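Structure assessment
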Amino acid sequence: MTALRSCTGLLAAACCAAVFLPEFAFSSQTQQKQPAAAPVQYDSATRVFRLDAANVTYALGINEDNQLQSLYWGARLSPRDQFPAAHSDPGLSSFDPSIDTTPLEFVAWGGGLYVEPDLKITFPDGNRDLVLKYLSHRIEGDQLFITMKDISRAVYVELQYKIDPETGILRRAAKIENRTDAPFTIEQSFAATWNLPRGTNYRLRYLTGRWAGEWNVQEQPVNPGETVLQSRRGTTGAQNNPWFAIDHQGASDPDHGSVWFGALGWSGSWEIAIEQDQVQHVRVSGGFNSFDFGYLLKAGQSLQTPYFYAGYTDQGIGEASRLLHRFEIDSILPHAPDPPLRPVLYDSWEATEFNVTEAGQIALAEKAASIGVERFVVDDGWFGERDSDHAGLGDWWVNQKKFPGGLKPLIDKVHSLGMSFGLWVEPEMVNPDSKLYREHPDWVLYFPGRPRTEGRNQLVLNLARPDVRAWVFNTLDQLLSNNRIDFLKWDYNRNWSEPGWPQVPPDEEKNVYVDFIRNYYSILAELRQRHPNIEIESCSGGGSRVDLGVMRYTDEVWPSDNTDAYDRLTIQNGFTYAYTPGVMMAWVTGSPTWVNHRTLSLQYRFLSAMQGALGVGANLNEWSPDDFATARQMIAQYKTIRRTVQRGLLYRLIQPIHGSEQSATEYVARDGHQVVVFAFLHSSSELYPYPRLCLRGLDPDAMYRLKPMDGTLVAGTPTEASGAWWMHHGVDVALSGDFQAAAFILERVSSSPAHEGVSP
Ligand code: GLA
């Protein structure tokens, strides 16, 4: 992949060719028309299931051994195409029997399986063999449920499929039911296996990171063997994020080529295994992390796996991201398909740290309101004896020294200034130096008689315990009932250690990996139900809890504690491979930044943050009148482009990777009426001009009027030109120097004749 995609030099042809889609030029592939057909169909003659939506067809069949066999996952096929019946592979040799060489949809460990199993069970009699066969199915609209059963034991597995009509993204999961009369232990439990077309030459993209350095895009060939992306941390983690994308090496670019991509919806320890096996099948399987896994499933109980979402496009990695963004907004977020736009937020953390007081916060709130901020958030330090990160977590009562009249005077003031009010909480944690821990030392995760390893001087409350779950819920419920709080920033500042649960029998202790997260989700869901207007941000010391599981219950996420506006370009670039800019909080903070001691202009910091959901985190007490004027103008400007940035189609024009000295992003409104371009120059040298920017995703025949936003364009740039002009001729940005930024807007002034009357 090239970091630089501009009109200049050798890349011009690649950049400027085929930049629009034939049917609906300024939109994504999701809006191409397809013949109407039932999204899920079953052909009883061939025993083939077929799922069709948007530009995707997915097919599986029941073969002669009653196994569920993958048949196809790729571009949409004609309704006239008939899949032949599935036939299992005979096997390669005595070393590789049929079960290993047949691409199976969901396979248990048994019968000589050497590839990754989706399910592995140990029964109380020591038997560990499990062989699943098709039993029955039912189709409900866009959903398919297939029940499989072990050949002798009453172990039932329901495979669940749902295909999204707009994007063709499939959602898969499995439910394991114990209908035997004794408990058994599930040692590996995945949601699904995705089989790619057999072949080599695949490339894997995935995301890696750490605190203050999240969201690095990695690329590597898919070689024979296995790559495991995972978290063993009890939470999503930043080391890997549960997202993958696979394409053919050398055969695709941001706009072209097949990409298979997916993301797991789980905020606990997770695993995605990418295998190229001995017969060159590429399989992607994932679900609960199998490391230290051991879920005791009692007779009559069932275990539901997380959802594993996956999609396909033949329009490159850029479209893969846009499909995910659209899917998240339309199908995942709490108020999908029309989640509210993110308000411009102010958060006091970087200004005050733990030194929050009523007077200090009111002073900041007044200043924030004066620049157009819409939500004021009091961060850490307002509760218990919380004067540093050494004490107070768990004691969720208002600190009377800091807020003598409780939170009410501040909340009222914030509301009277026309802003909503938000509060920071970290409910799953406790400092040993707290009243809560002194009263309930057994409420944390621990192994008796072993050290309790602290992270940021805190321990993890065992949310799997029903009493702890009830306490956390009640504490938050009361907080929200007693105060007019509109928003919670829900933090989580360490990962697990010593994950013991000594209050349950030893063979049930490992259920903590599932039960903890289920209770976390259920608290979020119940709080939202009881307080329907509350909005919640998922934060974990930055971007350590961002996934499609938590996004079903939270309105926005915090990508990183690294708020350096230059570092953020890379962080935001990686983030948006998987997640929509519409949930990506981005604050304008102080300069020099605490992270790198880098000095950046306020204009640069704003333009960096305006590529996501804008916030301000700077110490407003240190701002000059000029700073306030700049901020007021930038925030007003942001409000005019916010819908395009948060809901539009993102094109990465130049990526801040591979040592690129520039980066540029383009956002096209879903209805095509507005286009916003941000351009950044990291450093200039030897008089090289900024590369010409060829826009993408416009209607070639429509006319667009240029509205410079910030920074200058080269003299002679037309004020009005066709989509074809902006895409093929391109636009020159006049940037030179170091850490410079510019932005401009195009407004569509007329539709192309061909599209008149098309309602977006
Ligand atoms: C975490 C968050 C920060 C801030 C602090 C408060 O690090 O990511 O934004 O809220 O906690 O302690």
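None of these values were measured; they are calculated from a predicted model.

In this section: the sheet that holds strand 31 (residues 649-654). Across the sheet, six strands lie side by side as 31-32-33-36-34-35; this open sheet has antiparallel pairing. Since the sheet does not close on itself, it has two edges, and those belong to strand 31 and strand 35 (720-722), each with one partner. Put simply, the sheet's adjacent strands are angled 25 degrees from each other on average, direction ignored. By the bridge criterion, nine bridges tie strand 33 (residues 674-683) to strand 36 (residues 738-750) in an arrangement that is antiparallel. Paired with glutamine 674 across the bridge in strand 36 is glutamate 747. Seen against the sheet, helix 11 (residues 602-609) touches strand 33, strand 34 (703-710) and strand 36 and runs at an angle of roughly 55 degrees to strand 36. Where helix 12 (residues 625-647) meets the sheet, its contacts fall on strand 31, strand 32 (662-668), strand 33, strand 34 and strand 36, and the angle it forms with strand 33 comes to roughly 110 degrees.

The strands making up a sheet are joined through hydrogen bonds of the backbone, oriented either antiparallel or parallel. Spatial strand order, 1-2-3-4: four strands in an open sheet with antiparallel pairing. In the strand order of this sheet, the two ends are held by strand 1 (40-43) and strand 4 (68-75), each with one partner. Each adjacent strand pair in this sheet contributes to an overall mean axis angle of 15 degrees, direction not counted. Bridging between strand 2 (residues 48-53) and strand 3 (residues 56-62) involves six bridges; their strand directions are antiparallel. Looking at strand 3, one finds that valine 48 is bridged to glycine 61.

Contact geometry for helix 8 (residues 466-482) and helix 9 (residues 512-530): axes closest at 10 Å, N-to-C directions at 25 degrees. The orientation of helix 8 relative to helix 9 falls into the category roughly parallel. By crossing handedness, the relation of helix 8 to helix 9 is classed as right-handed. Within the contact between the two elements, helix 8 uses Arg469, Val472, Phe473, Leu476, Asp477, Leu480 and Ser481 and helix 9 uses Asn519, Ser522, Ile523, Glu526, Leu527 and Arg530. In the contact of helix 8 with helix 9, the residues fall into six nonpolar, three polar and four charged.

The subject of this paragraph is the site of the ligand. Around the ligand there are 13 residues in total, and Asp379, Asp380, Arg456, Lys489 and Asp561 lie nearest to it. At 3.0 Å from an oxygen atom of the ligand is found a side-chain nitrogen or oxygen belonging to tryptophan 424. Here an oxygen atom of the ligand sits 3.3 Å away from a polar atom, N or O, in the main chain of glycine 542. Burial of the ligand by the surrounding chains reaches 96%, relative to a free accessible area of 310 Å². Here the ligand is seated within the largest pocket. Taken together, the residues that form the shell around the ligand break down as four nonpolar, three polar and six charged.

As a further point, take the layout of surface pockets. Its volume calculated, the largest pocket comes out at about 600 Å³. Lining the largest pocket are 32 residues, and of these Trp349, Glu350, Glu353, Asp561 and Trp594 sit closest to its centre. Of all the secondary-structure elements, those providing two or more residues to the lining of the largest pocket are helix 4 (349-352) and helix 11. Here the element with the most residues in the lining of the largest pocket is helix 4; it accounts for three residues.

Below, the discussion takes up the packing of aromatic side chains. As enumerated under the stated definition, the model contains 40 aromatic pairs in all. With 6.2 Å between their ring centres and 65 degrees between their planes, tyrosine 58 and tryptophan 73 make a pair best called edge-to-face. Here tyrosine 58, found in strand 3, pairs with tryptophan 73, found in strand 4; they are 15 residues apart in sequence, far enough to count as distant. Of the two residues, tyrosine 58 and tryptophan 73, both sit in the buried class. For the pair phenylalanine 575 and tyrosine 579, a centre-to-centre distance of 5.6 Å together with 55 degrees between the ring planes defines the contact as tilted. Each member of the pair, phenylalanine 575 as well as tyrosine 579, is classed as buried. Each member of the aromatic cluster is reached from another via a ring pair, and the members are Trp266, Phe288, Phe293, Trp490, Tyr520, Tyr521 and Tyr553. Here arginine 322 stacks its cationic end above the ring of tyrosine 651, 4.0 Å away from the centre of that ring.

Under the definition given, this model contains 48 salt bridges. Note that arginine 342 is salt-bridged to glutamate 535, the shortest N-O span being 2.7 Å. Here arginine 342, found in the loop between helix 3 (316-332) and strand 21 (345-347), pairs with glutamate 535, found in strand 27 (residues 535-538); they are 193 residues apart in sequence, far enough to count as distant. For the residue pair arginine 342 and glutamate 535, the accessibility class agrees, reading buried in each case. With its nearest N and O atoms 2.7 Å apart, the salt bridge here joins aspartate 467 to arginine 465. Residue arginine 465 is classed as buried on the basis of its relative accessible area of 8%.

The omega angle of the peptide bond from alanine 336 to proline 337 is 10 degrees, so this bond is cis rather than trans. Here proline 337 lies in the loop between helix 3 and strand 21. Positioned with a positive phi, aspartate 292 is a non-glycine residue whose angle comes to about 60 degrees. Structurally, aspartate 292 can be placed in the loop between strand 17 (282-288) and strand 18 (295-297). Given the relative accessible area of 31%, aspartate 292 is considered partly exposed. Positive phi outside glycine occurs at glutamate 686, with the angle close to 55 degrees. Tracing the sequence through the fold places glutamate 686 in the loop between strand 33 and strand 34. A relative accessible area of 64% places glutamate 686 in the exposed class.

Turning next to empty space enclosed by the protein. Evaluated as defined, the whole model comprises six cavities of 30 Å³ or more. Approximately 130 Å³ is the volume attributed to the largest cavity. Lining the largest cavity are 15 residues, and of these Leu569, Gln572, Asn573, Gln611 and Thr665 lie nearest its centre. Taken together, the residues of the lining of the largest cavity break down into eight nonpolar, six polar and one charged.

Definitions and cut-offs
Residues numbered from 1 in each chain as written. Predicted model: local features only at pLDDT ≥ 70, side-chain atom pairs only at ≥ 80, totals over all residues. Heavy atoms only, no water. Pairing = 2+ DSSP bridges. Helix = DSSP H or I, 4+ residues; strand = E, 2+ residues; numbered from the N terminus. Axes fitted to C-alpha atoms, helices over the stretch in contact; angles between N-to-C directions. Contact = heavy atoms within 4.5 Å. Parallel < 35°, antiparallel > 145°, perpendicular 65-115°, else oblique. Left-handed = near helix turned anticlockwise from the far one by under 90°. Nonpolar A, V, L, I, M, F, W, Y, C, P; charged D, E, K, R; others polar. Near = heavy atom within 4 Å. Polar contact = N/O pair within 3.5 Å; in protein donor to acceptor, adjacent residues only side chain to side chain. Areas by Shrake-Rupley, 256 points an atom, 1.4 Å probe, with all protein chains shown as cover. 1 Å grid on protein atoms, 1.4 Å probe; cavity = no way out; pocket = protein on both sides within 12 Å on 5 of 7 lines; lining within 4 Å. Sits in = over half its atoms within 2 Å of the grid points. Points joined across faces, edges and corners; volume = space filled by probe spheres on them. Phe/Tyr/Trp six-rings, centres within 6.5 Å; stacked < 30°, edge-to-face > 60°. Buried < 20%, exposed > 50% of the residue type's maximum accessible area, 1.4 Å probe, protein only. Lys NZ or Arg CZ within 6 Å of the ring centre and 35° of its normal. Salt bridge = Lys/Arg side-chain N within 4 Å of Asp/Glu carboxyl O.

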